[in-house]
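# Breakdown of the fold
Residue strings, one per chain:
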Amino acid sequence: MSWRDPILAGIQAGIPQAGPASVHIDLTNGCNAACVTCWDHSPLLASPRSAEWKRRRMPLDRFREIVADLAGMRSVRHVVLSGMGEPFTHPNVYEMIDEIKQQGWELTVITNLVAADPDRMGGIDQLLVGVQGVTPDSYSAFHPGWTEQHFFKMCATLRRLSRSGTRVRHVQVINRDTAPEVPEMVQFAKSFGADRVNYKLASLHSGTEGTAITEEQRAQLLEEWIPRARESATQLGVQTNLSLFERQVASGGRATAPIESIGCYMGYVFSRITVDEDVLFCCNVEVRVGSLRERSFSSWWTGPEWQALRDQVRRGSFFKGCDQCGKLEQNVKWGERVAKQVAEGAFEEFSA
């Protein structure tokens, strides 16, 4: 990526020179699972979401209007379809996939796969599959109410996808139930032809804290399980983010992201739109820019409200929840791009 890229130029200037490169659109709040670590559907939540909230989903016509607005910005290269629930439970999900592909954008869908129809997934460039365990026991512990039948259904779909040419990445959220299987997750990915394994230390709050890794498990991860996984990944040729995951584990305590040392670039490259049409600064629901019911996305992007948030982050003043950043890996990558430009003298000065 050249230093003349408008996104990098915007980071240098502190004011975006183009629209976002990537936009995450939530399709539904409803979910077919109840993962123990989930901020929205865990049975352990101290204040559960209401049934009315869980029924909300984005209407197809409104989705099309939002896509048209994003297309008019001429910057979007990549769209993520997901939700605070499971996108494949939305009745119009395959039509929505078609809308994205008609724009020529790269498409990623985040899913647990259980509700997906593998015969209708051909237009998806990448699937981020929340696997969460590689045995029926750990899978069922992570997904209360699900059984080995759900695990084997996911495995069957993964096997079909391995023959389809679709890029599949396994997402493994690590908590007390899944931590002992960290080394075996590499072999599991290899057996299903996964493009990569993304490990993520569970971010926990509001009642889910009890599912965190124990301090004994933290020590085992650092001393035994992560090194074994790294060795296996090298032998089998499986891509992982183990170095970043190790950094998360080593940070200790509640925090899972050393954001102060990494910096945040999401205000220039990314945004998320919720089912309720809230525009988020990043994936953090606590950092709301505004509502699409008041103004268009493109109007918010260039407005003073968004710029004030960018300026705040640029000063090193982060938001509630930034110490559990959900875009940690993306921030690391953008930080590396910025550092490269600084080293080559493309930026006279830069402060995150």
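Whatever comes next refers back to the structure up there.
The structure reproduced in this document is the subject of the present report. All values reported here derive from a predicted model rather than from experimental measurement.

How each quantity is defined
Residues numbered from 1 in each chain as written. Predicted model: local features only at pLDDT ≥ 70, side-chain atom pairs only at ≥ 80, totals over all residues. Heavy atoms only, no water. Helix = DSSP H or I, 4+ residues; strand = E, 2+ residues; numbered from the N terminus. Buried < 20%, exposed > 50% of the residue type's maximum accessible area, 1.4 Å probe, protein only. Polar contact = N/O pair within 3.5 Å; in protein donor to acceptor, adjacent residues only side chain to side chain. Contact = heavy atoms within 4.5 Å. Axes fitted to C-alpha atoms, helices over the stretch in contact; angles between N-to-C directions. Parallel < 35°, antiparallel > 145°, perpendicular 65-115°, else oblique. Left-handed = near helix turned anticlockwise from the far one by under 90°. Nonpolar A, V, L, I, M, F, W, Y, C, P; charged D, E, K, R; others polar. Phe/Tyr/Trp six-rings, centres within 6.5 Å; stacked < 30°, edge-to-face > 60°. Lys NZ or Arg CZ within 6 Å of the ring centre and 35° of its normal.

Before going further, it helps to spend a moment on the side chain of Arg196. Note on placement: Arg196 falls in strand β6 (residues 196–201). The exposure class of Arg196 is buried, given its relative accessible area of 12%. Within polar-contact distance, the side chain of Arg196 engages the backbone oxygen of Thr240 at 3.5 Å. Excluding residues that lie within four positions of it along the chain, Arg196 makes contacts with Val168, Arg169, His170, Gln239, Thr240, Asn241 and Glu329.

One non-glycine residue with positive phi stands out, namely Arg74, at about 55°. Positioned with a positive phi, Leu113 is a non-glycine residue whose angle comes to about 75°. Position of Leu113 among the secondary structure elements: in the loop between β3 (106–111) and β4 (126–130).

Between helix α7 (residues 182–191) and helix α8 (residues 215–236), the shortest axis-to-axis distance is 7 Å and the interhelical angle comes to 20°. Compared by their axis directions, α7 and α8 come out roughly parallel. Our pair here, α7 against α8, has a crossing hand that is right-handed. On α8, the residues that touch Val182, Pro183, Glu184, Val186, Gln187 and Lys190 of α7 are Leu221, Trp225, Arg228, Ala229, Ser232, Ala233 and Leu236. The residue makeup of the contact of α7 with α8, split by class, is 8 nonpolar, 2 polar and 3 charged.

Here the focus is α7. Here α7 has its buried residues at Val182, Pro183, Met185, Val186, Phe188 and Ala189. Taken together, the buried residues of α7 touch α6 (148–162), β5 (167–174), β6, α8 and α9 (242–251).

What the rule picks out here adds up to 10 aromatic pairs. When the centroid spacing of 5.3 Å and the interplanar angle of 70° are considered together, the rings of Phe151 and Phe152 count as edge-to-face. Measuring from ring centre to ring centre gives 4.8 Å for Phe188 and Phe192, while their planes differ by 55°; the resulting arrangement is tilted. Looking at Phe192, the relative accessible area reads 8%, which means it is buried. For the cation-ring pair, Arg295 lies above Trp300, with the distance from its terminal atom to the ring centre recorded as 3.8 Å. For Arg310, the ring lying beneath its charged end belongs to Tyr268, and the centroid distance is 6.0 Å.

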